[in-house]
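What the coordinates show
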Amino acid sequence: MKLSDYAKKKGVSYRTAWRWFKAGYIKGEQLPTGTIIVYEEEKEKSQGDRCIIYARVSSKQRKEDLEIQVQRLKEYATKKGYQILTVVKEVASDVSDKRQGLINLLQRNDYDILLVEHKEKLLRFGFSYLKALLKKQGKRVEVMDSSGEDRQNLIEDLVSVIYSFSIKLHGPRKAKEIVEKIRKELFSDIKSE
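Quick caveat, the model's predicted, so the values are computed rather than measured. Here, residues in each chain are numbered from 1, in the same order as that chain's written sequence. Totals for whole chains, interfaces and linings use all residues, but because this is a predicted model, local features are given only for residues with pLDDT of at least 70 and pairs of side-chain atoms are given and counted only at 80 or more. Derived side-chain values reflect all non-hydrogen atoms in the structure, with water molecules and hydrogen atoms excluded from consideration.

**Observations concerning the sheet that holds strand S3 (residues 50-57)**
Strand pairing in a sheet relies on backbone hydrogen bonds, with the paired strands running either antiparallel or parallel. Criterion used throughout: strands pair if DSSP finds at least two bridges between them. Only DSSP runs of H or I covering at least 4 residues are called helices, and only runs of E covering at least 2 are called strands; the numbering of each starts at the N terminus. Pairing is parallel across the open sheet formed by four strands, whose spatial order is S4-S3-S5-S6. With partners counted over all chains shown, the strands left at the sheet margins are strand S4 (83-91) and strand S6 (140-143), one partner each. Here the strands of the sheet are splayed against their neighbours by 25° on average, with no regard to which way each runs. In terms of strand pairing, S3 meets strand S5 (residues 113-116) through three bridges, oriented parallel. Within S5, the residue paired with Ile53 across the bridge is Leu115. Every axis in this analysis is a line fitted to C-alpha atoms, fitted for helices over the stretch in contact. Angles between the N-to-C directions lie between 0 and 180 degrees.

**Some remarks on the packing of helix H1 (residues 3-10) against helix H2 (residues 14-23)**
At a closest axis distance of 9 Å, the pairing of H1 and H2 adopts a crossing angle of 110°. When the axis of H1 is compared with that of H2, the two are roughly perpendicular. Between H1 and H2 the crossing geometry is right-handed. The residues of H2 that touch H1, namely those facing Leu3, Ser4, Tyr6 and Ala7, are Tyr14, Ala17, Trp18 and Trp20. The residue classification treats Ala, Val, Leu, Ile, Met, Phe, Trp, Tyr, Cys and Pro as nonpolar and Asp, Glu, Lys and Arg as charged. All others, Gly included, are polar. Residue composition of the contact of H1 with H2, by class: seven nonpolar, one polar and no charged. In what follows, roughly perpendicular refers to angles from 65 to 115 degrees, roughly parallel to angles under 35, roughly antiparallel to angles over 145, and oblique to any angle outside these ranges. A clockwise turn of the near helix away from the far one marks a right-handed crossing, whereas an anticlockwise turn of less than a right angle marks a left-handed crossing. Any two residues whose heavy atoms approach within 4.5 Å are treated as being in contact.

**Quick word on the nonpolar core**
Think of a nonpolar core as a cluster: buried Ala, Val, Leu, Ile, Met, Phe, Trp, Tyr and Cys residues, connected wherever their side-chain atoms sit within 4.5 Å. The rule is simple: take the accessible area with a 1.4 Å probe, protein chains only, and divide by the maximum for that residue type; under 20% is buried, over 50% is exposed, in between is partly exposed. Tyr54, Leu105, Leu114 and Leu122 are the most contacted members of the largest nonpolar core, which totals 26 residues. Contributing elements (two or more residues each) for this core: H1, H2, strand S2 (36-38), S3, S4, helix H4 (100-106), S5 and helix H6 (127-136). When sequence neighbours within four positions are dropped, the list of residues in contact with Leu105 reads Ile52, Tyr54, Val88, Tyr111 and Leu114. Cys51, Leu73, Ala77 and Tyr82 belong to the second-largest nonpolar core, a separate cluster that totals eleven residues.

**What to know about the packing of aromatic side chains**
The rule is short: rings of Phe, Tyr and Trp, with Trp giving its six-membered ring, pair when the centres are within 6.5 Å, and they are stacked under 30 degrees, edge-to-face over 60, tilted in between. Counting across every chain of the model gives zero aromatic pairs. Our definition puts a charge over a ring when NZ of Lys or CZ of Arg is within 6 Å of the ring centre and also within 35 degrees of the ring normal. Over the aromatic face of Phe165 sits the side chain of Lys168, whose NZ or CZ is 6.0 Å from the ring centroid.

**Considerations on H1**
Considered for burial, the residues of H1 that qualify are Leu3, Tyr6, Ala7 and Lys10. Across the axial projection of H1, the buried residues extend over an arc of 100°, all falling on one side. Exposed side chains of H1 directed beyond 90 degrees from the buried face belong to Lys8 and Lys9. On its buried face, H1 sits against H2 and S2. Each C-beta atom gives one direction from the helix axis, and the arc is the one those directions make.

All quantities given are derived from atomic positions and should not be read as evidence of function.
What follows is the structure, encoded as structure tokens:
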């Protein structure tokens with residue numbers, strides 16, 4: 001079959017399938033005309049579990065943290081022997097349902113593991129539902145740092161919920177002001193203890 005047909009069948013872009021062909025994950029040949037013919041299915045497990053890395057921060061001011069998060073996840077995946085297919089980076093609230101990067105990766109069929117640093121980076125609420133759904137599809141979510149939630153994480157949960165409702169009530173600008181006041185007050189209480 002042609003590489004373009006193979007890409008459609010696997011639910012990936014032609015460019016991704018081309019990279020896989022060039023890396024040797026797909027057996028086939030390139031004809032003198034440039035057309036790539038795929039002979040057999042991709043080597044699914046021989047190169048290690050196929051992994052998508054998902055990294056997220058809540059604001060543009062934390063973009064540097066996003067790159068650090070991605071680096072830690074790449075190192076972790078490499079140590080585990082995972083084949084990293086792609087890295088999805090997003091700057092969005094954890095309670096937002098308009099994260100296009102997350103939506104796109106959940107619609108893909110070409111990976112075994114969805115790797116995140118903390119479960120809150122994926123979903124603040126409903127994590128176990130998503131985990132169960134992916135398991136039914138033969139995939140798994142792997143959390144790099146699964147240490148228990150501490151007080152700071154619980155405060156961030158609360159702030160996220162307040163922010164979500166504040167946007168609906170007051171709009172984004174006012175919601176940001178409200179949340180910053182609350183965050184400052186809550187974290188000052190922690191420091192004074």
